[in-house]
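Secondary and tertiary structure notes
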Amino acid sequence: MAGRINDDDVKAVRDAVPIDAVVSDYLQLRSAGGGNLKGLCPFHDEKSPSFQVSPSKGLFHCFGCQEGGDTIAFVMKIDHLSFSETVERLAAKAGITLRYEEGGYNPASQRGERTRLVEAHKIAAEFYVEQLSGAEAETGRKFLAERGFDQAAAEHFGVGYSPVGWDHLTRFLRGKGFTDKELLLSGLSQDGRRGPIDRFRGRLMWPIRDISGEVVGFGARKLREDDNGPKYLNTPETSIYKKSQVLYGVDLAKKDIAKASRAVVVEGYTDVMACHLAGVTTAIATCGTAFGGDHIKILRRLLMDNGSARVIFTFDGDAAGQKAALRAFEDDQKFAAETYIAIAPDGMDPCELRLAKGDEAVQDLVQPRTPLFEFAIRQIVARYDLETPAGRAAALDEAAPIVARIKNGSSQHEVAVQLAGILGILDTQFVVKRVAQMARWARDRGGRGPAPAPERRSQQSQSYGTPAPQGSTGPALNLRSPAHRTERELLKLALQRPELVSPAFDAYGEDEFTAPPYAAVRRAIEDAGGAEQGLESAPEYLARVRDAAPNDAVRAMVTELAVEVFHGKTIDEVYAGQQLVQVRLRAVDRRVRDVTGTLTRLGTQSDPDHYAAVQKELWVLQQYGQSLRNDGAAAL
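Residues numbered from 1 in each chain as written. Predicted model: local features only at pLDDT ≥ 70, side-chain atom pairs only at ≥ 80, totals over all residues. Heavy atoms only, no water.

1. Describing the nonpolar core
In terms of nonpolar packing, the biggest core is built from 47 residues, with Val23, Phe51, Val53, Phe74, Ile257, Ile284 and Leu299 touching the most fellow members. The greatest single-element share of this core, amounting to five residues, is contributed by helix α12 (residues 293–303). The next biggest cluster of nonpolar side chains, apart from the first, holds 43 residues, and it includes Val159, Val246, Cys287 and Tyr340. (Core = buried A, V, L, I, M, F, W, Y, C linked by side-chain atoms within 4.5 Å. Buried < 20%, exposed > 50% of the residue type's maximum accessible area, 1.4 Å probe, protein only. Helix = DSSP H or I, 4+ residues; strand = E, 2+ residues; numbered from the N terminus.)

This is the structure we're talking about:
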């Protein structure tokens, strides 16, 4: 078993790799104010960004699904890695050599499975690239040249060649220390009669990279007549390669997709190459599967679903391409972006178009053309004879439900008007009403959606160690409550701006925070050494507080408070003093009420000394409360 990574090295990795740089590999980030960044959460579906990143604190938090943590936690969650695998990957990116507590440096054979499989793919990609320059690969180079791709293009996209022999790559990877089990798990090898053999033989190879740029699979194109396999053969599903969750070229296109708020979806590897070389650097393709929901999630995070975003599909003009376009339309409403379809003249794909008419023709092709909904509708009505009333009625019956699925009311009305024109129905209002009626029916059949799930009070109270009232369905934190709101602001100050509340904050007790989650965070800060610890290094201080949290619920609350923006316009000593005073004053007032109740219960017949002591406590509390009201923070 691999040794434990040295704590100082973990800290060095956490400090060396900025969290915004890592997160930006997976989604588009924009300013959220206060030095924070925001984007669409990669861990749940949402239409407006509730995912925030704080570069200065090295933390992220989603206010929608409550996921949060540091750089390491983000990579662990999004790529399903273990802690050590994540640290190893980030260390490699930062050029940091890790030390291990047991057994010195970690032997390569002991590293995490995902890390090993990714490393095998990286070495395989380099092996294939080297093979492309050999004599045997002449057919592969000819294939590329005939499609307009020179050596520089091949190098840019990492195109390579797999030798014809049975086990060239398998033997090469064994020589690099990989086991037969790892080679089979990676999909680079497969079982033969005498052991593992190469899965890809005598083919042109395209490395398939995930959004972070790591090779996770390959697409292989047949070159020889004696190859009985399919024209394109992809890596099988593995622990690192899921074809429904990968877009070819996204590692090269992601920055331009985010910058231009436009993505071009093409059908094949050579189409992506042709588009990029023609200047359309937002082109991506699926890897041997239909464009679906997981692909949409990737694009939505890059496009951020702003109103000007565009997704353009360039399916072939043949029957299969039309079918693919209609299938894409089924998911159209999952985009906030506008979707279009572009079909080249004579049904050419982008690669063929570039060869025949040059780069400008490819650029012109992907300018927004026909809206996808219009293409879908025209494909439907083309099956009917619109010269007859019966034909028009039948076409309307099939097309109207398509239009009714458009969620935006004004867009739905506009498309319904267009449908009337396509069908040649003069009574436009009849079509508009028919579509609206079908939309209502769809809503009625679906009801008002699932019944609201019980809110989080019961779950949260239990998570923080406080029993929940029986049958409670309200939220644990009532942010309309002035007390809760002020306690939250004070904890945010203690985590984000400790210099403004120290040393006074460290004298506050847990009982001064009325919400169980806030009391738990206060305890975690105390267990981490107090807010004064944050005066030196904010990321290290926050890491200590998160480590001191007793469970994931408290840890998530720490992260949330550490990245949430303040409510005040000016965050200074005056503002901090106001929060300190309000929390303390409410605590004093609560104690005054308790002591007053005690005096009432004791009565004048109780022990005189005890009664006098309680009276004195009440007087002291009342005087302190008045000082806080009169003198503010100076009375603390």
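2. Remarks on the sheet that holds strand β1 (residues 30–33)
The pairing of strands in a sheet comes from backbone hydrogen bonds and takes either a parallel or an antiparallel form. Taken together, five strands build an open sheet; the order of strands is β1-β2-β3-β4-β5 and the sheet is antiparallel. The sheet is open, and its two edges are formed by β1 and β5 (68–70), each paired on a single side. Within the sheet, the average angular offset between the axes of one strand and its neighbour, ignoring direction, is 25 degrees. With three bridges joining them, strand β4 (residues 59–62) and β5 adopt antiparallel strand pairing. (Pairing = 2+ DSSP bridges. Axes fitted to C-alpha atoms, helices over the stretch in contact; angles between N-to-C directions.)

3. Digging into helix α5 (residues 113–131)
Between its first and last C-alpha, α5 extends 27 Å over 19 residues, near the 27 Å set by a 1.5 Å rise per residue. Buried within α5 we find Arg114, Thr115, Arg116, Leu117, Val118, Ala120, His121, Ile123, Ala124, Ala125, Phe127 and Tyr128. (Expected span 1.5 Å × (residues − 1).)

4. A short note on the packing of helix α23 (residues 516–527) against helix α24 (residues 538–548)
At a minimum axis separation of 8 Å, α23 and α24 run at an interaxial angle of 120 degrees. One way to sum up the angle between α23 and α24 is to call them oblique. Judged by the sense of rotation from one axis to the other, the crossing of α23 with α24 is right-handed. Counted together, Ala524, Ile525 and Asp527 of α23 and Tyr541, Val545 and Ala548 of α24 form the full contact between these two elements. Considered class by class, the residues forming the contact of α23 with α24 number five nonpolar, no polar and one charged. (Parallel < 35°, antiparallel > 145°, perpendicular 65-115°, else oblique. Left-handed = near helix turned anticlockwise from the far one by under 90°. Contact = heavy atoms within 4.5 Å. Nonpolar A, V, L, I, M, F, W, Y, C, P; charged D, E, K, R; others polar.)

By themselves, these observations are geometric and do not establish any function.
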